[in-house]
Amino acid sequence: MSKSSISFILRLKLDKKTASFGQIATVISSAGGDLVAIDVIKENRNSTIRDLSINIHQEEVQNRITAELRKLTGITIQQTTDRTFLAHSGGKIHIMPKIKIDSRDDMSRVYTPEVARVCEAIDENVELAHDYTIKKNAVAVISDGTAVLGLGKIKPEAAMPVMEGKAMLFKQFADIDAYPICLDTQDPEEIITIVKALQPTFGGINLEDIASPNCFSIEERLNKELVIPVFHDDQHGTAIVALAGLLNALKLVSKPIKDCKIIVCGIGAAGMAITNMLLKAGAKTIIGVDVEGALHCNQNYDRPGWNEFAQKTNPKQEKGKLCEVIKNADVFIGVSAPGLLTKADIKKMAKDPIIFALANPNPEIKPEEAKPYAAVIATGRSDYPNQVNNVLCFPGIFRGALDCRATEINDEMKLAAAKAIASTIGEEELDAEYIIPSVFNKEVVPSIRQAVIDAAVNTGVSQIEPE
Ligand SMILES: NC(=O)C1=CN([C@@H]2O[C@H](COP(=O)(O)OP(=O)(O)OC[C@H]3O[C@@H](n4cnc5c(N)ncnc54)[C@H](O)[C@@H]3O)[C@@H](O)[C@H]2O)C=CC1
Ligand SMILES: CC(=O)C(=O)O
Ligand SMILES: [Mg+2]
């Protein structure tokens with residue numbers, strides 16, 4: 001199994017008489033680094049300047065490499081560049097005009113005075129905004145910075161790299177123009193007011209990394225009050241991909257979903273939506289576990305939605321901590337916090353346990369630890385097999401919703417998206433390390449798009465017939 005890698009560039013000045021490149025390569029590899037590229041930056045008779053691109057698996061390795069290199073003769077470290085920070089330099093996206101402005105004539109067409117005619121036409125019939133503005137292909141990726149990945153609440157400015165990343169993925173995978181917007185407010189009413197005011201510009205709203213329970217009321221209100229689709233990605237995107245992965249994983253272990261005991265750990269935004277989705281897909285025995293243990297009907301909860309959650313789950317009213325209720329479970333789905341599932345817990349599960357440890361960036365259990373005891377393992381990360389991550393869903397689901405100008409993304413569309421993702425892997429291809437297609441599989445977005453459009457048409461929420 002692969003491990004995540006950090007990549008950095010070392011700029012070295014080498015004295016040609018005394019420095020040995022062989023020694024440098026040995027130092028790098030014995031410290032645990034992979035030398036992946038060498039670029040000559042400058043060369044003269046006495047010295048050479050080279051950029052060495054090095055991949056490492058732990059941050060300490062970088063310090064070890066630089067300390068060891070400093071001991072060698074004839075070598076000066078001129079600069080160290082973290083390639084991840086380099087990739088973020090100046091932000092990750094920008095806006096490009098579609099038409100070049102070369103003359104005053106061009107200018108008067110795209111801007112004043114002629115643009116006024118288009119404004120007037122739209123003013124007379126706002127539907128024309130879909131034809132003559134970016135609205136038709138524009139999605140706002142909106143966060144208040146309260147549940148950013150697994151980092152929790154961070155400053156809205158600090159949430160921007162994630163939202164820019166989502167915007168990149170929208171563009172690359174579904175050619176959607178997505179705009180990262182991080183709000184300097186955590187007040188639900190204020191967020192609702194702001195998002196409602198953004199409606200004229202956008203064809204859809206992707207809410208991202210807004211903590212529970214506020215995410216539920218914000219999404220519910222916006223869904224009622226806006227005529228464009230609103231989708232909280234951490235709830236529904238995650239739930240759709242988790243269901244897709246689970247449908248395929250269950251085929252491998254030959255267990256029907258209705259007979260499985262499923263533990264969902266972390267009853268927040270993702271956990272709540274995953275549970276609802278699994279119930280819709282036919283699951284009968286789901287036990288939700290949060291910090292205090294299993295949720296059950298004999299307790300009254302203050303957290304919004306938890307009493308209703310307890311009523312529709314845990315049919316045998318099991319009580320206790322994760323390590324107790326996990327006994328005989330067929331499936332563990334974690335959307336909670338790092339490292340809270342142990343090998344001992346997995347050993348108590350039923351035969352062929354399925355483990356989805358989806359907390360980001362660090363899962364509930366490391367796949368290499370779970371592997372000897374589990375039939376199927378998935379994480380939310382890009383660097384292990386079986387990436388159950390909402391990136392597999394949001395580009396395709398919005399492509400479908402925008403193309404048929406759906407007024408909402410309803411349960412039927414979500415279920416159709418999950419089945420479309422699952423079905424991109426043929427029965428003969430299914431494997432414990434291949435239950436979910438890669439995000440680079442070019443069939444995924446078109447297949448979700450079509451399934452979503454069909455479901456939107458069938459449920460009467462589409463407004464146009466797409467090409
Ligand atoms: N793989 C994927 O596509 C996605 C992964 N996630 C990850 O799932 C996690 C949760 O995300 P959200 O639902 O958005 O956050 P959230 O804050 O709404 O919910 C987290 C829940 O986990 C619970 N929790 C925390 N520590 C726990 C513990 N020790 N035992 C049991 N429950 C515990 C919290 O009380 C809360 O109810 C994060 O790590 C996030 O990165 C979220 C969305 C997508
Ligand atoms: C993947 C994602 O959206 C999250 O971890 O929050
Ligand atoms: Mg998220």
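Computed from a predicted model, the values in this text were never measured in an experiment. (Residues numbered from 1 in each chain as written. Chains lettered and ligands numbered in written order. Predicted model: local features only at pLDDT ≥ 70, side-chain atom pairs only at ≥ 80, totals over all residues. Heavy atoms only, no water.)

Quick look at the sheet that holds strand β2 (residues 34-43)
Note the cut-off: A pair of strands counts as paired when DSSP detects no fewer than two bridges linking them. Secondary structure is summarised from DSSP: a helix means a run of H or I of at least four residues, a strand means a run of E of at least two, and numbering begins at the N terminus for each. Axis definition: a line fit to C-alpha positions, over the contact stretch in the case of helices; interaxial angles, taken between N-to-C directions, run 0 to 180 degrees. Here a residue-residue contact requires only that any non-hydrogen atoms of the pair lie within 4.5 Å.
On the basis of which strands lie adjacent, the open sheet formed by four strands has the order β2-β3-β1-β4 and antiparallel pairing. The open sheet has two edge strands, β2 and β4 (75-82), and neither has a second partner. Each adjacent strand pair in this sheet contributes to an overall mean axis angle of 20 degrees, direction not counted. Of the strand pairs in this sheet, β2 and strand β3 (residues 47-56) are connected by eight bridges, and their pairing is antiparallel. Counted as the bridge partner of L35 is I54 from β3. Set on the sheet, helix α1 (residues 21-30) makes contact with β1 (6-15), β2, β3 and β4; between it and β3 the angle comes to about 20 degrees.

Topic: the coordination of the magnesium ion (ligand 3)
Spelled out, the test is: Metal coordination here is assigned from N, O and S atoms located within 2.8 Å of the ion, or within 3.2 Å for Na, K and Ca; omission of water means that sites may look incomplete. Exposure categories follow from relative accessible area, calculated using a 1.4 Å probe and restricted to protein chains: below 20% of the type maximum is buried, above 50% is exposed, and the middle band is partly exposed.
Protein ligation of the magnesium ion (ligand 3) involves E208 (OE), D209 (OD) and D234 (OD), the donor distances falling in the range 2.0 to 2.1 Å. The sequence pattern formed by the donor residues of the magnesium ion (ligand 3) is E-D-x24-D. In this pair, E208 sits in the loop between β7 (204-207) and α9 (214-225) while D234 sits in helix α10 (residues 233-252), placing the two residues 26 residues apart along the sequence. Pair check on accessibility: E208 and D234 agree, each one buried.

Digging into the pairing of β1
Every regular strand shows the same layout, with side chains that alternate between the two sheet faces. Across 10 bridges, β1 lies against β3 in antiparallel orientation. Considered in β3, the bridge of I9 is made with S53. Direction of pairing for β1 relative to β4: antiparallel, over a ladder of seven bridges. When the bridges of β4 are listed, F8 appears paired with D82.

Some words on the side chain of D144
The criterion, for reference: Charged-residue counts in this description rest on Lys and Arg as positive and Asp and Glu as negative, His and the chain ends being excluded. We define a salt bridge as a side-chain nitrogen of Lys or Arg found within 4 Å of a carboxyl oxygen belonging to Asp or Glu. As used in this structure description, the phrase polar contact means that two N or O atoms lie within 3.5 Å; if the pair is within protein, one of them must be able to donate a hydrogen and the other to accept it, and residues adjacent in sequence are counted only when both atoms belong to side chains.
By the secondary structure assignment, D144 is in the loop between β5 (138-143) and α7 (156-174). In this structure D144 is buried but unpaired, with K153 as the nearest side chain of opposite charge at 8.2 Å. Here the side chain of D144 touches T146 through a polar contact of 2.6 Å, side chain to side chain. Filtering out sequence-adjacent residues up to four positions away, D144 remains in contact with L183, T185, Q186, I191, E208, D209, I210 and A211.

A short note on the domain arrangement of the protein chain
It is common to give the size of an interface as the accessible area that goes away when the parts come together. For the record, the criterion: For the domain bounds, the source is a domain assignment made automatically or taken from a database. By buried area we mean how much accessible surface two parts lose on assembly, using a 1.4 Å probe and totalling the loss over both. Note that Gly is not counted as nonpolar here; it falls among the polar residues with everything else outside the nonpolar set of Ala, Val, Leu, Ile, Met, Phe, Trp, Tyr, Cys and Pro and the charged set of Asp, Glu, Lys and Arg.
If you check the domain split of the protein chain, you get domain 1 (3-88), domain 2 (104-228) and domain 3 (241-467). Of the residues lining the interface, 26 residues belong to domain 2; the matching set on domain 3 comes to 20 residues. Surface buried jointly by domain 2 and domain 3 totals about 1,900 Å² across both partners, of which 64% is contributed by carbon and sulfur atoms. Linking domain 2 to domain 3 there are one salt bridge. For E127, the salt bridge goes to R405, with nearest N and O atoms at 2.7 Å. Connecting domain 2 to domain 3 are seven residue pairs in polar contact (both at pLDDT 80 or more). Mapped onto the side of domain 2 that touches domain 3, the elements with two or more residues apiece are α7, β7 and α9. With six residues, α7 is the single largest residue contributor to the side of domain 2 that touches domain 3. Of the residues contributing to the side of domain 2 that touches domain 3, the split by class is 13 nonpolar, eight polar and five charged.

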